[in-house]
Every structure is written in structure tokens, then in C-alpha cells.
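Listed below are the residues making up each chain.
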Amino acid sequence: MNFEFTEEQLMIKQAARDFAVRELLPDVLERDASSRFPARQMKMLAELGFFGMCVDPKYDGGGMDNISYVLALEEFAKIDASAAVVLAVHNSLACYGIEHYANEEQKQRFLPALARGEKIGAFLLSEPEAGSDATSQKTTAEDKGDYYLINGTKNWITSADNAGTYIVIAQTDREKKHKGINAFILDRHSPGISLGPHEDKMGMRSSDTHSVMFTDVKVPKENRIGEDGFGFSFAMKLLDGGRIGIAAQAIGIAGGAFDLALKYSKERKAFGTEICNHQAIAFKLAEMAVKLENGRNLVLKSAWLKDNGLPYGLQSAMAKQYCADSAMEITTEAVQIHGGYGYVKEYHVERLMREAKVTQIYEGTSEIQKIVISRTILKD
Ligand SMILES: Cc1cc2nc3c(=O)[nH]c(=O)nc-3n(C[C@H](O)[C@H](O)[C@H](O)COP(=O)(O)OP(=O)(O)OC[C@H]3O[C@@H](n4cnc5c(N)ncnc54)[C@H](O)[C@@H]3O)c2cc1C
């Protein structure tokens, strides 16, 4: 076994760290307050190659491994989890989905613009009545011969407005249940697509989240990914990998809160000494550090399995559940260590706590991860 990072992995981590501190930190509080999308920063991240990081260079990607990817996501999330989720959906779902499951013609048509970051990718699975139970798709993709007609509503779509390319999941044959579901690649500006209002969220406020309505949207047959009926299996395969990114994001948020709490505990005095000298605070920090180390190891192991072509569904569910739940605990303790100062925006930890919450919800709730984990271990 080798727990060392390569020079390249460390360089990417450092580049992400430098960018986050230099470009994301200065206006992160303002963007959180106003729910403003980090458009300028996204353009810069595209130029730096953080879009399509793991895509093959022959499609204009960076050809990096998943270890580098999770290290970068963690660094972005420490400072600005909204920016991190845009990158996570784009890289793990849109780029990975097209590169690994689309045909060559589709890859040539859609992947280079995504990998260069000229277009942002979005993934449209959830619906008003289909979240955890993603098999209950109400959006329909009616087979009309040489095209499909899409009708329905998708909910909670990250980057819905700023994306250029959508991957849409819809039901073609209801009788076949989940085997009658398809996945399509669509231009976000296709006629018949409209958006609901920007969701006024608890956290991740500068990532744009909307409902997306489809009214008689025509999609050419050549935009369907895989064989007829592959859509549900495709979505589940993508989420297995996507969860590694969300786990990295969660551990980044937690790490950001931990760093702030550690620093604060060495500066703030109570009862004549720095608060870190009170065992109650020191033990909180110790417990936070253990959770961070465990979470990071789960993320890295999942990424390593993926890089080595080994099954990673079980480990990515473990990583997602553990990192998300730990992020909620760690950020809550970071607020506690800050006392009253933790409760105001200026100290960042309350924002990190709000951001941690959604990591327990999206790309499969913590309860759903436990279903995935228990079913897998019970099967073996
Ligand atoms: C900010 C944000 C961004 C998002 N981005 C996207 C996106 O880009 N694309 C996309 O497709 N979706 C996105 N989502 C949707 C997200 O994936 C869903 O919200 C999530 O899967 C949960 O679905 P739901 O909200 O319908 O909750 P429900 O499925 O209704 O769950 C409600 C509660 O019941 C629990 N529950 C449900 N079933 C079970 C069960 N069998 N056993 C035990 N407990 C259960 C859940 O864990 C949860 O606690 C996003 C959500 C948010 C909040």
C-alpha cells in the first residue's frame, strides 16, 4: 500500500487551494447573501482546466485521476461549497456520464465544450414526486419515431439556469417500470424548456437551483444515451460516482470549519486561558480531527477504486453517508467553539454549517446510503 500523493496530485490540490483563497474567498459572503452565481470564477476555473478534469485529453479534458479531482473539490468546498457543487455535478455526472456511456458521435458533439468549460453540465433526475424513489418518474419521453417528445417537471436542478447542456431522465414506457426509463442529452435552450424561480435555499446559495419544465420538447433520437431503457441504470451508475464528489465536498466543508475552529480556539480566551486549553474544547477538536481523517480516507479509497477500475458503489455510499453526517456534526461543533461569534455571518462557520446540511440530502440522502450499504453487505 502507498498512502503518498504524487507530485501532480499535490500540485492540483495546491492550485485549487490558491484559487479558492484568492478568487472565491473575497466575495463568498456577499454571494451567499445575494445568491449570486460565481460566473467570473467559473470562467477562470474553466480556463485553468477544472472543468472536465478527468476527461480524456482527446476530448479536450485534463486526463487527471479521481484522486486529483477529489483533492481539488475538497479545497474548493473548504472555502465555497456552492462553487464546488457546480464542479461536482459538471464533472462527476455530466462529463463522466457522456464520456463513459454515450456513443462516439455524441461524445464528439457534446463533450469537448463541456470539458473546456464553455458549457456547464446539469443532471435532471429528481421531480416533485420522485426524489429518493427515482423510479417514480412522471416526466415522459414519448417515442415519436425519429424523435422523442418530453413533457414534465424536474425539481431541484443544480446549475439549471447557467448550464448549457442537460442530461435528462424520463419515462418512455411506463409498463416496463424502471426498465422503460431513458436518458437524453439536451441543449438547455431547446424550445419548450422553461425554469421556475431561483430556489431561496438554506445553503449553497450561490449555486443556482431551479425547477425545469418541459412542454413538448423535441429531442432527436440520436440524443438518447445507450439502448432503449438504459436510463435508470445509467442514472444509478452516475450517482455511484457522483457520491464520491459529494463526499469530498462534505469533507471539504467540514475541514474548512475545523480549520477556523482550531485557529479560533487558540486565540479566544475564557477564564484566563485560551479556550483550547479547556479539555471540553480540546476533546471536541480531537473528535472532529478523527472524523475528518476517517472521512478523507473513505473518499480517497473510493476515488482510488474508481481510478483502478474496481467496483466502488459500496465504498462511495459509505463515504457519502459518513462524510455528510460527519460534516453536519463537525460544522455544528465549529459553531459551538466560536460561541456567539459562530452565530454571525462574518465568521463563516454558520455558513459552512448551512452548507453541510444539503450533503446529507442530495445525490441520495443519508438514509438512502444506508439502504445501499445494508443491501450490499446483506447480499454478500
Ligand atoms: C440544493 C439541492 C440541489 C439538488 N440538485 C439536484 C440536481 O442537480 N439534480 C437532481 O436530479 N436532483 C437534485 N437534487 C434533489 C435531491 O437529489 C433530492 O432532494 C434527494 O434525492 C431527496 O429527494 P426528496 O427531496 O424528494 O426527498 P424524499 O425522497 O421525499 O425523502 C424525504 C425523507 O424521507 C426519507 N426516505 C425516503 N425514502 C426512504 C426509505 N425507503 N427509507 C428510509 N427513509 C426514506 C429520506 O431520506 C428523507 O429523509 C437537489 C436537491 C437540493 C436540495
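The sections below set out a description of the structure shown in this document. (Residues numbered from 1 in each chain as written. Predicted model: local features only at pLDDT ≥ 70, side-chain atom pairs only at ≥ 80, totals over all residues. Heavy atoms only, no water.)

**Structural notes on the packing of helix H9 (residues 313-337) against helix H10 (residues 349-359)**
Alright, step 1. The contact between H9 and H10 brings their axes to 8 Å, and the two run at 160 degrees. By the angle between their axes, H9 is roughly antiparallel relative to H10. Where H9 crosses over H10, the handedness of that crossing is left-handed. Residue-level contacts link Lys-320, Ala-324, Ala-327, Met-328, Thr-331, Thr-332, Ala-334 and Val-335 of H9 to Val-349, Glu-350, Leu-352, Met-353, Ala-356, Lys-357 and Thr-359 of H10.
Alright, step 2. Across the contact of H9 with H10, the residue classes break down as nine nonpolar, three polar and three charged. (Axes fitted to C-alpha atoms, helices over the stretch in contact; angles between N-to-C directions. Helix = DSSP H or I, 4+ residues; strand = E, 2+ residues; numbered from the N terminus. Parallel < 35°, antiparallel > 145°, perpendicular 65-115°, else oblique. Left-handed = near helix turned anticlockwise from the far one by under 90°. Contact = heavy atoms within 4.5 Å. Nonpolar A, V, L, I, M, F, W, Y, C, P; charged D, E, K, R; others polar.)

**Topic: empty space enclosed by the protein**
Alright, step 1. Under the defined criterion, the tally for this structure stands at one cavity of 30 Å³ or more.
Alright, step 2. The space that makes up the largest cavity amounts to roughly 30 Å³.
Alright, step 3. Asn-66, Tyr-69, Ser-92, Gly-241, Ile-244, Gly-245, Ala-303 and Lys-306 together form the lining of the largest cavity.
Alright, step 4. Looking at the lining of the largest cavity, the elements that each hand over two or more residues are helix H4 (66-79), helix H7 (231-267) and helix H8 (279-307).
Alright, step 5. Per element, the largest residue contribution to the lining of the largest cavity is three residues, and it comes from H7.
Alright, step 6. Among the residues making up the lining of the largest cavity, the classes are represented as three nonpolar, four polar and one charged.
Alright, step 7. Mapped onto the domain boundaries, the lining of the largest cavity takes at least three residues apiece from domain 1 (7-115) and domain 3 (236-378). (1 Å grid on protein atoms, 1.4 Å probe; cavity = no way out; pocket = protein on both sides within 12 Å on 5 of 7 lines; lining within 4 Å. Points joined across faces, edges and corners; volume = space filled by probe spheres on them. Domains from an automatic or database assignment.)

**Here's the deal with helix H6 (residues 104-115)**
Alright, step 1. Here H6 is 12 residues long and its end C-alpha atoms lie 15 Å apart, about the 16 Å a rise of 1.5 Å per residue gives.
Alright, step 2. Turning to H6, its buried residues number three or more, namely Gln-106, Lys-107, Phe-110, Leu-111, Pro-112, Ala-113, Leu-114 and Ala-115.
Alright, step 3. Those residues of H6 that are buried are in contact with helix H5 (81-101), strand E1 (121-124), strand E4 (165-171) and strand E5 (181-187).
Alright, step 4. Of the residues flanking the end of H6, it is Gly-117, one or two places downstream, whose phi is positive at about 80 degrees. (Expected span 1.5 Å × (residues − 1). Buried < 20%, exposed > 50% of the residue type's maximum accessible area, 1.4 Å probe, protein only.)

**Focus on H9**
Helical geometry note: an α-helix holds 3.6 residues per turn, so side chains three or four residues apart project in the same direction.
Alright, step 1. Under the 1.5 Å per step criterion, the end-to-end length of H9 is 36 Å for 25 residues, consistent within 8% with the ideal 36 Å.
Alright, step 2. Across the 25 residues that make up H9, a large majority, 19, are buried.
Alright, step 3. The positive-phi residue at the C-terminal boundary of H9 is Gly-339, with phi of around 60 degrees.

**Focus: the packing of aromatic side chains**
Alright, step 1. Inspection of every chain in the model, using the stated rule, returns 10 aromatic pairs.
Alright, step 2. Note on Phe-50 and Phe-76: the rings are 5.1 Å apart at their centroids and 85 degrees apart in plane angle, and the pair reads as edge-to-face. Placement of the pair is Phe-50 in the loop between helix H3 (39-47) and H4 and Phe-76 in helix H4, with a sequence separation of 26 residues. Of the two residues, Phe-50 and Phe-76, neither departs from the other in class, the shared state being buried. (Phe/Tyr/Trp six-rings, centres within 6.5 Å; stacked < 30°, edge-to-face > 60°.)

Honestly, it's all geometry; don't read function into it.
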